[in-house]
Amino acid sequence: MFLTTEQQKMLDGEHGHAIAKLTHLIVKIGEVNGATRLIPIKNAQIAGVSYLTVGEPIFSFFNMLSEDNVKVSVPSWLNPAGMDMKKWKEMGIKNDFAEKQRRIIKQYQEMGIQTTLTCTPYLIGYKPKFGDHLAWSESSAVSIANAYYGARTNREGGPSSLASAIIGFTADYGLHKKENRVPRIVVDVKATINHFSDFSALGYWYGEKFHGIIPYFKSVKNANIDQVKMLGAAMAASGSVAHFHIAKHTPEAEKVDLSHISETVTFDESDKKQIYNHFNQIKERVNLVVIGCPHSSLEDVKLIDSSLGDKSIKEGIKFWVFSSQKLMQNDEAKKLLTNLEEKGVKIFTDTCMVVSPVVRENYKNILTNSAKAAFYLTRDGTNKVTLLSLSEIIEGVSE
Ligand code: F3S
């Protein structure tokens, strides 16, 4: 691999042991993937925050980094943690977990990383620009950065996104290269796609069938950011699809090279039904509703409020919505929050149903409108999940 003089110095340890190790990591990843150079990144989104997912080994990694007191060199922000940083007791988080979670966040903070704790940084002002090279690691955020904004990022692991955030470079391979961003399959969407859960079902269906292959969706009518994030998240979960195009909606779609299309497939009502049937698992009483995978926007939260109207959540059922702290800070959001709390809806921030331990541990029968959440919550067989549209959920759990 060609390295600039500065990059070579970093690799040779002239900037310290930690920088050398991190540069080595990025160079090795690049070599394995056929990269011939390192390229500068604009910013980084770093996963590997929840104590549930990183466990004790994260502290040895931090120790190695703290020897050289390294800091990030580009704007960087964090994925959700394992708990709401303020309302963790309300969630049922134990003291020991909370203490470890706080230590992790503090260490990231000391490296100069913003503790946004969200998988939707683009909803709180960190919108990537077309053509920007990034090192993002949460799979749904990666697909939105690529597809909705036309920025360029591979799906990084937690350590590699952190390494890139510190050294300021990533390896030039995969989705950083134009030729690897072209679609291979056209998806003719014949089914009616109205609800967020329909977008999620479409994404789940595609990812499961065509693992890792970039699609070109035609005939998708309403593709606002909240709908696209459901589509991308589900596709990334079931099939590691990190980029996609939607005709007339995504920035690369109109200029994209369609000469590599190898087949056209159809998504019809029966395909949609098959996904809803797959996640139709609850046979007993529902304990919990989880909304906000990916993290809810303010519009998502308003929709929950307006759909509920004068109704409240039934006794014995918890209704949890996950979002980011920053979105819930303004006066309008605070008012909404109070209003929803009175109706039995809790908004938690900084975390989610998948990276927090409490959902899997304490609740068996869960309703959601996100196929990604359904996928992760049912993977080890502990939970039963039913996928429904928001309006169906509200109809069933309110009175
Ligand atoms: Fe975000 Fe958690 Fe879903 S990180 S995409 S809400 S699994």
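Cut-offs applied
Residues numbered from 1 in each chain as written. Predicted model: local features only at pLDDT ≥ 70, side-chain atom pairs only at ≥ 80, totals over all residues. Heavy atoms only, no water. Helix = DSSP H or I, 4+ residues; strand = E, 2+ residues; numbered from the N terminus. Buried < 20%, exposed > 50% of the residue type's maximum accessible area, 1.4 Å probe, protein only. Domains from an automatic or database assignment. Contact = heavy atoms within 4.5 Å. Buried area = accessible area lost by both parts, 1.4 Å probe. Salt bridge = Lys/Arg side-chain N within 4 Å of Asp/Glu carboxyl O. Polar contact = N/O pair within 3.5 Å; in protein donor to acceptor, adjacent residues only side chain to side chain. Nonpolar A, V, L, I, M, F, W, Y, C, P; charged D, E, K, R; others polar. Phe/Tyr/Trp six-rings, centres within 6.5 Å; stacked < 30°, edge-to-face > 60°. Lys NZ or Arg CZ within 6 Å of the ring centre and 35° of its normal. Near = heavy atom within 4 Å. 1 Å grid on protein atoms, 1.4 Å probe; cavity = no way out; pocket = protein on both sides within 12 Å on 5 of 7 lines; lining within 4 Å. Sits in = over half its atoms within 2 Å of the grid points.

1. Regarding the environment of Ala163
Point 1. As for its placement among the helices and strands, Ala163 is situated in helix H8 (residues 158–167).
Point 2. You can call Ala163 buried: its relative accessible area is 0%.
Point 3. Taking the C-alpha atoms as reference points, Ala163 and Ala135, 28 residues apart in sequence, are found 9.3 Å from one another.

2. Section: the domain arrangement of the protein chain
Point 1. Here the protein chain is described as being made up of domain 1 (5–178), domain 2 (182–277) and domain 3 (279–397).
Point 2. For domain 1 and domain 3, the distance between their C-alpha centres works out to 28 Å.
Point 3. Facing 27 residues of domain 1, the contacting portion of domain 3 comprises 27 residues.
Point 4. Looking at the side of domain 1 facing domain 3, the largest losses of area belong to Leu52, Met91 and Ile124, adding up to 26% of the total buried there.
Point 5. In this structure, the connection of domain 1 to domain 3 is made through 3 salt bridges.
Point 6. The shortest N-O distance in the salt bridge between Glu138 and Lys372 comes to 2.6 Å.
Point 7. Where domain 1 meets domain 3, there are 13 residue pairs in polar contact (both at pLDDT 80 or more).
Point 8. When the residues that make up the side of domain 1 that touches domain 3 are grouped by side-chain class, the tally is 13 nonpolar, 8 polar and 6 charged.

3. Examining the environment of Lys9
Point 1. Within the element layout of this structure, Lys9 appears in helix H1 (residues 5–11).
Point 2. Among the residues examined, Lys9 registers a relative accessible area of 32% and is labelled partly exposed.
Point 3. A sequence separation of 11 residues divides Lys9 from Ala20, and the C-alpha atoms of the two residues are 8.4 Å apart.
Point 4. Setting aside residues up to four positions removed in sequence, Lys9 forms contacts with Glu14 and His15.

4. Some words on the packing of aromatic side chains
Each pair of aromatic rings is reported with the distance of its centres and the angle of its planes.
Point 1. Evaluation of the coordinates by the stated rule reveals 18 aromatic pairs.
Point 2. Geometrically, the ring pair formed by Trp320 and Phe348 is edge-to-face, given 4.9 Å between the ring centres and 80° between the ring planes. Remark: Phe348 occurs in strand S12 (residues 345–349) and Trp320 occurs in strand S11 (residues 318–323); sequence separation between them is 28 residues. Just as Trp320 is buried, Phe348 falls in that class too.
Point 3. By the ring-pair criterion, three or more aromatic residues cluster together here, those being Trp205, Tyr206, Phe210, Phe217, Phe244 and Phe267.
Point 4. Above the face of the Phe59 ring, Arg103 is positioned so that its terminal group lies 3.9 Å from the ring centre.

5. Observations regarding the site of the ligand
Point 1. Around the ligand, a shell composed of Pro80, Cys119, Glu138, Ser140, Gly292, Cys293, Pro294, Cys352, Val354 and Lys372 is seen.
Point 2. Of the pockets mapped on this structure, the ligand occupies the largest pocket.
Point 3. Split by residue class, the shell around the ligand holds 6 nonpolar, 2 polar and 2 charged.
Point 4. Residues lining the shell around the ligand come from more than one domain, with at least three contributed by each of domain 1 (5–178) and domain 3 (279–397).

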